[in-house]
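# Report on the structure
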Amino acid sequence: MRVGLVLEGGAMRGMYTAGVLDTFLDHDVHVDVIVSVSAGACFGCNLFSKQRGRVLRYNQRFAGDPRNMGFRSLLTTGDIVNKNFAYYVIPTQYDVFDEEAFEAHGGEYWVTVTNVETGEAEYMQMHHLLGDIEMMRASASMPFCSRFVPIGDKKYLDGGIADSIPVRQALSMGLDKVIVVLTQPADYRKRPMNPALIKAFYHKYPNLCRTLMERHDRYNAQVEDVAQLEREGRIFVIRPHEALNIKRLEKDPAELARVHGIGLADGEARMAALKAYLNA
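If you're wondering where the values come from, they're calculated on a predicted model, not measured in any experiment. (Residues numbered from 1 in each chain as written. Predicted model: local features only at pLDDT ≥ 70, side-chain atom pairs only at ≥ 80, totals over all residues. Heavy atoms only, no water.)

Right, let's talk about the side chain of Asp 79 for a bit. Of note, Asp 79 is situated in the loop between α4 (71-77) and α5 (83-94). By relative accessible area, Asp 79 is classed as buried at 3%. A polar atom in the side chain of Asp 79 sits 2.6 Å from the side chain of Arg 147. When near neighbours in sequence (up to four residues on either side) are disregarded, Asp 79 contacts Ser 73, Leu 74, Arg 137, Cys 145, Ser 146 and Arg 147. (Helix = DSSP H or I, 4+ residues; strand = E, 2+ residues; numbered from the N terminus. Buried < 20%, exposed > 50% of the residue type's maximum accessible area, 1.4 Å probe, protein only. Polar contact = N/O pair within 3.5 Å; in protein donor to acceptor, adjacent residues only side chain to side chain. Contact = heavy atoms within 4.5 Å.)

Another aspect to go through is the nonpolar core. Counting residues in hydrophobic clusters, the biggest one holds 59 residues, and the most contacted among them are Leu 5, Phe 24, Met 136 and Leu 274. Here Phe 24 is in contact with Leu 5, Val 29, Leu 47, Ile 179, Ile 238, Met 271 and Leu 274, once residues within four sequence places are set aside. Val 33, Ala 170, Val 180 and Leu 229 belong to the second largest nonpolar core, which has 17 residues in total. (Core = buried A, V, L, I, M, F, W, Y, C linked by side-chain atoms within 4.5 Å.)

With their axes 12 Å apart at the nearest point, helix α3 (residues 54-62) and α5 run at an angle of 115° to one another. Considering their axes alone, α3 and α5 lie roughly perpendicular with respect to each other. Between α3 and α5 lies a crossing of right-handed hand. The segment α3 lies against α5, with Arg 54, Tyr 58, Arg 61 and Phe 62 engaging Phe 85, Ile 90, Pro 91 and Tyr 94. In the contact of α3 with α5, the residues fall into 6 nonpolar, no polar and 2 charged. (Axes fitted to C-alpha atoms, helices over the stretch in contact; angles between N-to-C directions. Parallel < 35°, antiparallel > 145°, perpendicular 65-115°, else oblique. Left-handed = near helix turned anticlockwise from the far one by under 90°. Nonpolar A, V, L, I, M, F, W, Y, C, P; charged D, E, K, R; others polar.)

Time to look at the packing of aromatic side chains. Any aromatic ring pair is given by two values, namely how distant the centres are and how the planes are angled relative to each other. Taken as a whole and judged by the stated rule, the model has 14 aromatic pairs. Between Phe 148 and Tyr 202, the ring centres sit 6.0 Å apart and the planes meet at 25°, which makes this aromatic pair stacked. A residue pair is termed long-range when its members are at least 10 positions apart, and Phe 148 in the loop between α7 (133-139) and β5 (149-151) and Tyr 202 in helix α9 (residues 195-202) qualify at 54 residues. The class for Tyr 202 is buried, based on a relative accessible area of 4%. Sitting over the ring of Tyr 277, Lys 177 keeps its end group 4.6 Å from the ring centre. Over the ring of Tyr 219 we find Lys 190, and its NZ or CZ is 4.7 Å from the ring centre. (Phe/Tyr/Trp six-rings, centres within 6.5 Å; stacked < 30°, edge-to-face > 60°. Lys NZ or Arg CZ within 6 Å of the ring centre and 35° of its normal.)

Another point: the pairing of strand β4 (residues 121-125). Pairing of strand β3 (residues 108-115) with β4 involves 5 bridges; the strand directions are antiparallel. Of the residues in β4, the one forming a bridge with Val 113 is Glu 122. Linking β3 back to β4 in an antiparallel pair, the connection comprises 5 residues, with Gly 119 at a positive phi of about 75°. (Pairing = 2+ DSSP bridges.)

Moving on, we get to helix α1 (residues 14-26). Given a rise of 1.5 Å per residue, 13 residues ought to cover 18 Å, and the 19 Å separating the end C-alpha atoms of α1 matches this to within 8%. Burial within α1 is extensive, with 11 of its 13 residues counted as buried. Those residues of α1 that sit buried are Gly 14, Met 15, Tyr 16, Thr 17, Ala 18, Gly 19, Val 20, Leu 21, Asp 22, Thr 23 and Phe 24. Where α1 is buried, its residues meet β1 (3-7), α2 (39-48), α3, β7 (177-181), β8 (236-238) and α11 (253-279). (Expected span 1.5 Å × (residues − 1).)

At a minimum axis separation of 9 Å, α1 and α2 run at an interaxial angle of 20°. Relative to α2, α1 is oriented roughly parallel. Considering only the axes of α1 and α2, their crossing is right-handed. The segment α1 lies against α2, with Gly 14, Met 15, Leu 21, Phe 24 and Leu 25 engaging Ala 39, Phe 43, Gly 44, Asn 46 and Leu 47. Considering only residue class, the contact of α1 with α2 consists of 7 nonpolar, 3 polar and no charged.

Once that is clear, we can look at the environment of Leu 182. Assignment of secondary structure puts Leu 182 in the loop between β7 and α9. Expressed as a C-alpha distance, the spacing of Leu 182 and Glu 100, which sit 82 residues apart in the sequence, is 28 Å. With near-sequence residues (within four places) excluded, Leu 182 lies in contact with Glu 8, Tyr 16, Ile 165, Val 226, Val 237, Ile 238, Arg 239 and Pro 240.

This part is about the environment of Tyr 188. Along the chain, Tyr 188 turns up in the loop between β7 and α9. Using a relative accessible area of 25% as the deciding quantity, one classes Tyr 188 as partly exposed. The spatial distance from the C-alpha of Tyr 188 to the C-alpha of Tyr 219 is 10 Å, given a sequence separation of 31 residues. Once residues within four sequence positions are removed from consideration, Tyr 188 is found in contact with Tyr 219 and Val 223.

In C-alpha cells, the structure reads:
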C-alpha cells in the first residue's frame, strides 16, 4: 500500500503542520509520497528525515533573527526570507538537516511551484534535499516580497499561487491512501487580492496576474473539493479545529510554540481515526 501526504502552505501557519507531523513520528505513521506547498515544503521534509521537533526548534531560535527574515533582508536582497541564511546556513551549520536519513527513507518528496510565465503549477521532485534546495525555495517564495527563483531556463514563485492544496495531483499518482494536512479551519474561505497591487508588481507577466486574481476562486473550490473527497472516504483530512491567528512571519517563540501545540493536539486527537483509515 502506498500512502501519500499533501501539505498546504501558509507561512508560519506551517507550525501547525510541523506539530501534526511530529505526532506522525510519535506513532510511526509511514508515508511514501509527500506533495507539498510553500511552508509545507519547507517543514514537511523533516518527516522523512525523522527529526522530531526540529521545525519548532530552529524557528524559535531564528525567526526573530534579522539574518533569517524580515524587512532588512527584503531591502538588501529582494527576499523577505533570506536565501543564504535560511536555506543554506541554518540547515548545514546551526540545525543540521539529516540528509542521509532523508535519502534512506526512500520516499518521494515533491514540491509545488508556480511558473511565472504560464501562471500554472508545476511539480518538482527533490531527490537530494540540500542539493535541490532551490526547488523548495521557489515553492516558498511568497509573491510581492520575493524575487523570482530561476530553475533551468524558467522562473518560479510560491506554489500556493497556482495550487494551494495539490490533492488532485496526489490522487493522480496512483496512491492507495491520501492524507491531507490543511492550515485553515473548515469554514475558512479566501478573499480576492487587490488587482491594482497585482498589476503594479507583475504587469509584465499577464498569466501570473490572471492566476493571482483567480486565486481566491481556485482556493475556495479546492476547499470544497477536499471536503467532498473527505465525505466520500477517498482522503483523510487533518485541519485546525480553530483559527490559528498567527502572523505570516511570526517571530515570537511563544506564539510559534502555541500553534505547534495546536498541531500536536489535533494530530493526537485524530490519530485513532487516521490509523483506522490507513488500515481499512
